[in-house]
Amino acid sequence: MWTVWVKKSGSESRDKTKRKWYVVSTMSSKKVEGSSAPANRRDPYEVLSVARDATDQEIKSAYRKLALKYHPDKNANNPEASDLFKEVAFSYSILSDPEKRRQYDNAGFEALDADGMEMEIDLSNLGTVNTMFAALFSKLGVPIKTTVSANVLEEAMNGTVTVRPLPIGTSVSGKVEKQCAHFFGVTISEQQAESGVVVRVTSTAQSKFKLLYFEQDSSGGYGLALQEESEKTGKVTSAGMYFLHFQVYRMDSTVNALAAAKDPESAFFKRLEGLQPCEVSELRAGTHIFAVYGDNFFKTASYTIEALCAKTYEETTEKLKEIEAQILRKRNDLRQFETEYRKALARFQEVTTRYTQEKQTVDELLKQRDSIHSSFSVVKTPSGNNLSNGSSSKAQGDEPKGEGDSAGEEGGAESRDKSKRKWFNLNIKGSDKKLG
């Protein structure tokens, strides 16, 4: 069973304040909580057999070895191996994340947000139906973390892979099958190591892939040390490793997606929280092994890999160093600004709520005032020919006017008009005499 995050569709998707994310299992229609965490959880440090002060590299190395040891592909006849594999992956998901590791160290499992735990999935172990589900969710923008196939890791550990040379300053293009890898050897001199080295992979076909870096062990095999997921940038997908003697960061889009899932309104403030420091910032002189791993769900991945010496890109290297520092400062600024924003938003909501209440109160008071004003009258609100205070609305003795009365009124009005015209003429004559 594997789980991915998807947004609940329907009317709620139109209401941003009500959007929620649900964990959907491709093998169960029920809602499940968090990732496939073991029922009886053991101390992650104990599971991975590392000390509590172990470095990130030590934790990653222990995880790779145990994951390879208990991988279901290698233990088809051992049902316990699958549970051990999940336990190893669950433990690694805690200790590989600085924030989750800090929370666990302080308060154990209770401090961890179970809904935020996710596992990597091995596409080679999913089967066709589940792979189709994964591809569909990925197309919808759901971040799905995949792990490198156990077969590839085993071949690398045994030293049976074919390594092609990739000289500094050159590039190689190719196509790699899904869940397979092409290995390259990059040989660097002392001067190049001192200047810094960059290895980048791009795909104009927007293929999904991983850029892998292996360290050679004493037995002659290669152990996976670093991996970078391809990210879409513009019209291409790309991934890079920068060994430039200063701390370089990578962006984990899964962290951003999970943060947005929990609180869509604060997604902006969590946008830079996915920055994770790269474990290796420099390479020594010698030959180093890199690989391009095909991470498409069904088809081959097209790619171009190139190895560069930073000496040729001194100005670009300085710009990268500066922009990394600016982004880190901005991340700290956003953390502080989020606190200020939350306070201002709470105050705004409080004020708008009071505004609504005050408006309703004023409207009600004015309505009561108008009602009181209308009470000062012997005439109530008209409703037919009702009487007020036992009296008629007309004076007693008044009778309806007939036609004669109407004619009399018209005659009276006409006589008054004539007298006015006569008076007007007299005044005109008097004025003429004065003028003469």
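All figures in this text were calculated on a predicted structure; none of them were measured in a lab.

## A closer look at the overall build of the protein chain
Helix and strand counts for the protein chain stand at 10 helices and 14 strands. Counting all 436 residues of the protein chain, 35% fall into the buried class. The contacts of the protein chain with a sequence gap of at least 6 include a subset with a gap of at least 24, amounting to 72%. Surface summary for the protein chain: the accessible area is close to 27400 Å², and the carbon and sulfur share equals 51%.

## Focus on the environment of Gln-276
Residue placement: Gln-276 occurs in strand 12 (residues 275–277). Among the residues examined, Gln-276 registers a relative accessible area of 15% and is labelled buried. The sequence separation of Gln-276 and Arg-250 amounts to 26 residues, and the corresponding C-alpha distance is 5.3 Å.

## Here's the deal with the side chain of Glu-324
Structurally, Glu-324 can be placed in helix 9 (residues 314–375). The contact partners of Glu-324, leaving out residues within four places of it in the chain, are Val-248 and Tyr-249.

## A word on the packing of helix 2 (residues 56–70) against helix 3 (residues 79–95)
With their axes 9 Å apart at the nearest point, helix 2 and helix 3 run at an angle of 165 degrees to one another. As the angle between them shows, helix 2 and helix 3 are arranged roughly antiparallel. The crossing of helix 2 and helix 3 is left-handed. Across from Ile-59, Lys-60, Tyr-63, Leu-66, Ala-67 and Tyr-70 in helix 2, the residues of helix 3 making contact are Ala-81, Leu-84, Phe-85, Val-88, Ala-89, Tyr-92 and Leu-95.

## Description of the pattern of salt bridges
Within the structure shown, the criterion is met by 15 salt bridges. Here Asp-295 ties to Lys-210 by a salt bridge, and the two come within 3.5 Å at their closest N and O atoms. Separated by 85 residues along the polypeptide, Asp-295 in the loop between strand 13 (286–294) and strand 14 (301–309) and Lys-210 in strand 7 (residues 209–216) bring together distant segments of the chain. An identical accessibility class is assigned to Asp-295 and Lys-210; each is buried. The closest approach of N and O atoms between Lys-319 and Glu-315, which form a salt bridge, is 3.7 Å. Here Lys-319 and its partner Glu-315 are both found in helix 9, four residues apart, which amounts to about one turn of the helix.

## Brief notes about the packing of aromatic side chains
Scanning the entire structure with this criterion turns up 11 aromatic pairs. Considering the side-chain rings of Phe-183 and Phe-214, the 5.2 Å spacing of their centres and the 45 degrees angle between planes classify their relative orientation as tilted. Within this pair, whereas Phe-183 is found in strand 5 (residues 181–188), its partner Phe-214 is found in strand 7, the two being separated by 31 residues in sequence. Among the aromatic residues, those joined into a cluster by ring pairs are Phe-268, Phe-269, Phe-337 and Tyr-341.

## Some remarks on the pairing of strand 7
Where burial is concerned, most of strand 7 is hidden: six out of the eight residues are buried. Both strand 7 and strand 13 contribute to a ladder of six bridges, which runs antiparallel. Along strand 13, the bridge assignment pairs Lys-210 with Tyr-293. Pairing geometry for strand 7 and strand 8 (residues 222–229), over seven bridges, is antiparallel. Pairing of Gln-216 across the sheet is with Tyr-222, part of strand 8.

## Digging into the packing of helix 3 against helix 4 (residues 98–107)
It is at 6 Å that the axes of helix 3 and helix 4 come closest, and there the two elements cross at 95 degrees. With respect to each other, helix 3 and helix 4 are oriented roughly perpendicular. Of the residues in helix 4, those touching helix 3 at Ser-93, Ile-94 and Leu-95 are Lys-100, Arg-101 and Tyr-104.

## Description of the nonpolar core
Generally speaking, soluble globular proteins have nonpolar side chains that are buried together. Membership of the largest hydrophobic core comes to 25 residues, with the highest contact counts inside it found for Phe-290, Val-292 and Ile-305. Elements supplying a minimum of two residues to this core: strand 5, strand 6 (197–203), strand 7, strand 8, strand 10 (236–243), strand 13 and strand 14. For this core, the element with the highest residue contribution is strand 14, accounting for four residues. Not counting the four nearest positions on each side in its chain, Ile-305 is found in contact with Leu-166, Thr-170, Ser-171, Val-172, Phe-184, Val-199, Arg-200, Val-201, Leu-211 and Val-292.

## Re the UniProt feature "coiled-coil region" (unreviewed entry) in the protein chain
Mapped onto this structure's residue numbering, the UniProt feature "coiled-coil region" (unreviewed entry) falls at residues 313–347. This span, residues 313–347, is 97% helix and 0% strand, and a straight line between its end C-alpha atoms measures 50 Å.

## Quick look at the environment of Glu-273
Within the fold, Glu-273 resides in the loop between helix 8 (253–262) and strand 12. Glu-273 sits 59 residues away from Asn-332 along the chain, and the two C-alpha atoms are 9.8 Å apart. A distance of 3.0 Å separates a polar atom in the side chain of Glu-273 from a polar atom in the side chain of Arg-335.

## Here we look at helix 2
One turn of an α-helix holds 3.6 residues; hence residues three or four places apart share an orientation. Compared with the 21 Å implied by 1.5 Å per residue over 15 residues, the 21 Å span of helix 2 between its first and last C-alpha is a close match. Residues of helix 2 that are buried sit in contact with helix 1 (44–48), helix 3, helix 4, helix 6 (150–158) and strand 8.

Thresholds, definitions, all that
- Residues numbered from 1 in each chain as written.
- Predicted model: local features only at pLDDT ≥ 70, side-chain atom pairs only at ≥ 80, totals over all residues.
- Heavy atoms only, no water.
- Helix = DSSP H or I, 4+ residues; strand = E, 2+ residues; numbered from the N terminus.
- Buried < 20%, exposed > 50% of the residue type's maximum accessible area, 1.4 Å probe, protein only.
- Contact = heavy atoms within 4.5 Å.
- Areas by Shrake-Rupley, 256 points an atom, 1.4 Å probe, with all protein chains shown as cover.
- Axes fitted to C-alpha atoms, helices over the stretch in contact; angles between N-to-C directions.
- Parallel < 35°, antiparallel > 145°, perpendicular 65-115°, else oblique.
- Left-handed = near helix turned anticlockwise from the far one by under 90°.
- Salt bridge = Lys/Arg side-chain N within 4 Å of Asp/Glu carboxyl O.
- Phe/Tyr/Trp six-rings, centres within 6.5 Å; stacked < 30°, edge-to-face > 60°.
- Pairing = 2+ DSSP bridges.
- Core = buried A, V, L, I, M, F, W, Y, C linked by side-chain atoms within 4.5 Å.
- UniProt positions renumbered as here; feature names shortened; annotations may be inferred.
- Polar contact = N/O pair within 3.5 Å; in protein donor to acceptor, adjacent residues only side chain to side chain.
- Expected span 1.5 Å × (residues − 1).

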